[in-house]
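Secondary and tertiary structure notes
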Amino acid sequence: MKFDYEKASTREFALKELCELWSPKREIEHVSLDEAFDRITAQDVFAQYNLPVTRSSRFDGIGVKSENFKDGVPNTSAWKRGQDFCQADTGDDFPDEFDAVVAREQFEFNENQEPVFEDNLEPVFAGDGINPSGATIKKGELVIPAHYRLTPEYVALCAVGGHATLPVLKKPVVAFIPTGSELIPWGSAPKRGQNIEANSLMVRGFVEAWGGRCISYPVVSDDPDLLEDALDRALEIADIIFINGGSSRGEEDFNSEMLKRRASHFRHGVRTVPGRPVGMSIIENTPVINIPGPVGAAFLCCDWLLRGLLAYYLASAVPNRPSVRAKLSHDINKKKAFERVLRVKLKKLEDESFVCTPLKASAIVENIFEADGMVAVPIGVDFVAEGEELEVLLLKPLDAIK
């Protein structure tokens, strides 16, 4: 399909438009706490019980009767364990007749195992050193709101709140359909005119990392009937569909035309390079996206579009990539009408500042393995001079960059 500049939008607008037109059918499922990590809560989670149930000791010490301290430090020479005092360790319950706890640092046991308090012991009153019922968590207290990602700490908090299972949003199903008569499955030896299908691995990894479940289809040849059939099958099971290849102006690029014909909404192209000829549609209330075949373009479409759609389904924000400021190693020229995203290698200088060097998009190993981050040169800019400082969105942890 021919790229129409006048109808192309920015990445931000295209994603916003799709989300406004899509009404995802979010489903709820209950999962065990040990399977809840990184899931998104579907409902508010409330505490089921008071903890402590009645009361507990705030620290290691002994339970005492506050009335024995009304005249100051008592004579303990005849004190008996269980009658005048009891053991009260941190978090433990102890008999009700003892209404205060004295910390272990404020007394010693003599040879008869009687507590001997410090002369400067502060006054002891009823309730001292005691966590009352509900001090840790109160029944009915909001533990985790809806639409929060469950970190390990949050999962443990839900266990303290009395839960064994949690209501979470069912993982959205992403169907990935690789297309192209020249493609062969990864692991196969290519012959002349063949290329290895690898994007399914990248997409699956991203989908699972971003909270979804990926179903990868076998390669579909450039045959209109086969492509229609694959789309029909995916529409029966998927919440989001990504069709890879056939999005531009090749003789066998059928996919965008198929989407345009079947969609209630269709937009072709964004004003970003790479990934410009992306087709975006809504078919039967399902986002169906046709992304370009090259790995770099496919990655960028995943990074802004797939990640954005998954976040919208899961009612959560797209996490921001960490970034650093870096000076450009040499000039960049580009077309003013398009945003250009370049992968860069970072070098850390002695003064802790950074220099970024754009990588060759055609050299796939260099462009992927060597890349520490990426920069986006915006629409309206056609030249960036050497030495100018740019924001670099990190693709690697900062401590791995030297």
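Here is a short report on the structure shown in this document. (Residues numbered from 1 in each chain as written. Predicted model: local features only at pLDDT ≥ 70, side-chain atom pairs only at ≥ 80, totals over all residues. Heavy atoms only, no water.)

1. Regarding the overall build of the chain
Formally: By the criteria applied, helices consist of DSSP H or I runs no shorter than four residues and strands consist of E runs no shorter than two, each listed in order from the N terminus. Each residue is placed in one exposure class: buried if its accessible area under a 1.4 Å probe, protein chains only, is under 20% of its type's maximum, exposed if it is over 50%, and partly exposed if it falls in between. Contacts are assigned to residue pairs that have any heavy atoms within 4.5 Å of one another. Accessible surface area values rest on a Shrake-Rupley calculation with a 1.4 Å probe, where residue burial reflects the displayed protein chains alone. Counted charges follow a simple rule, with Lys and Arg positive, Asp and Glu negative, and His plus the chain ends left uncounted. Lysine's charge is taken at NZ, arginine's at CZ, aspartate's at CG and glutamate's at CD.
Regarding its fold elements, the chain presents 7 helices and 27 strands. On the principal axes, the C-alpha backbone points of the chain span a range of 100 × 55 × 40 Å. Put simply, the chain has 402 residues, and 45% of those count as buried. Taking all contacts inside the chain whose residues are at least 6 apart in sequence as the whole, residues at least 24 apart take part in 73%. Element-wise, carbon and sulfur atoms account for 50% of the exposed surface of the chain, whose accessible area totals about 21200 Å². Taking the 46 positively charged and 62 negatively charged side chains of the chain as two groups, their mean positions are separated by 9 Å.

2. Quick word on the pattern of salt bridges
Where we set the bar: A pair is scored as a salt bridge if a Lys or Arg side-chain nitrogen falls within 4 Å of a carboxyl oxygen belonging to Asp or Glu.
What the rule picks out here adds up to 17 salt bridges. Glu 108 is the partner of Arg 104 in a salt bridge, and the nearest nitrogen-oxygen pair spans 3.8 Å. Exposure remark for Arg 104: the relative accessible area of 32% places this residue in the partly exposed category. Linking Arg 261 and Glu 228 is a salt bridge whose minimum nitrogen-to-oxygen distance equals 2.1 Å. In this pair, Arg 261 is assigned in helix α5 (residues 255-262) and Glu 228 in helix α4 (residues 224-235), connecting sequence segments 33 residues apart. Note on Glu 228: relative accessible area 18%, which makes it buried. What you see here is one network of salt bridges that share partners, running through Glu 228, Asp 232, Arg 261 and Arg 262.

3. Overview of the pairing of strand β16 (residues 240-244)
Just so we agree on the cut-off: The pairing criterion is simple: DSSP has to find at least two bridges between the two strands.
Counted residue by residue, β16 has 5 buried out of 5 residues, so it is predominantly covered. Along β16, one buried face is formed by Ile 240, Phe 242 and Asn 244 and the opposite face, lined by Ile 241 and Ile 243, is buried too. Bridge analysis of strand β12 (residues 173-178) against β16 gives 5 bridges, and the strand direction is parallel. From the neighbouring strand, Ala 175 faces β16, where its bridge partner is Ile 241. Pairing of β16 with strand β20 (residues 286-291) involves 4 bridges; the strand directions are parallel. Opposite Ile 241, over in β20, you have Val 288 as the bridge partner.

4. Quick look at the environment of Ser 23
Following the sequence through the fold, Ser 23 ends up in the loop between α1 (11-21) and β1 (28-32). Measuring from C-alpha to C-alpha, the distance between Ser 23 and Asn 285 comes to 6.7 Å, with 262 residues separating the pair along the chain.

5. Quick look at the side chain of Thr 41
Test applied: By the criterion applied in these results, polar contacts are pairs of N or O atoms within 3.5 Å in which, for protein atoms, one can donate a hydrogen and the other can accept it, and in which residues neighboring in sequence qualify only through two side-chain atoms.
Position of Thr 41 relative to the elements: it lies in the loop between β1 and β2 (45-46). Among the polar contacts listed, one links the side chain of Thr 41 to the backbone oxygen of Pro 145, at a separation of 2.7 Å. In terms of polar contacts, Thr 41 uses its side chain to reach the backbone amide nitrogen of Tyr 148, at 2.9 Å. Setting aside chain neighbours within four positions, we find Thr 41 in contact with Ile 144, Pro 145, Ala 146, His 147, Tyr 148, Leu 150, Pro 167, Val 168 and Leu 169.

6. Regarding the sheet that holds strand β17 (residues 265-268)
As a reminder of what qualifies: Angles run from 0 to 180 degrees between N-to-C directions of axes, and those axes are lines fitted to C-alpha atoms, restricted for helices to the stretch in contact.
Strands sit in the order β15-β12-β16-β20-β19-β17 across an open sheet of 6 strands; the sheet is mixed. Of all the strands in the sheet, the pair left with one neighbour each is β15 (213-216) and β17. Across the sheet, the mean angle separating the axes of adjacent strands is 15 degrees when strand polarity is ignored. Where helix α3 (residues 199-209) meets the sheet, it contacts β12, β15 and β16, and its direction lies at approximately 165 degrees from that of β15.

7. Some thoughts on a negative patch on the surface
Put simply, the rule is: The patch calculation keeps residues exceeding 30% relative accessible area without a salt bridge and links them within 9 Å when they carry like charges or within 5 Å when they are nonpolar (Val, Leu, Ile, Met, Phe, Trp, Tyr).
A cluster of like negative charges, contributed by Asp 60, Asp 92, Asp 93, Asp 96, Glu 97 and Glu 105, occupies part of the molecular surface. By the secondary structure assignment, Glu 105 is in the loop between β6 (100-103) and β7 (107-109). With relative accessibility at 63%, the residue Glu 105 sits in the exposed group.

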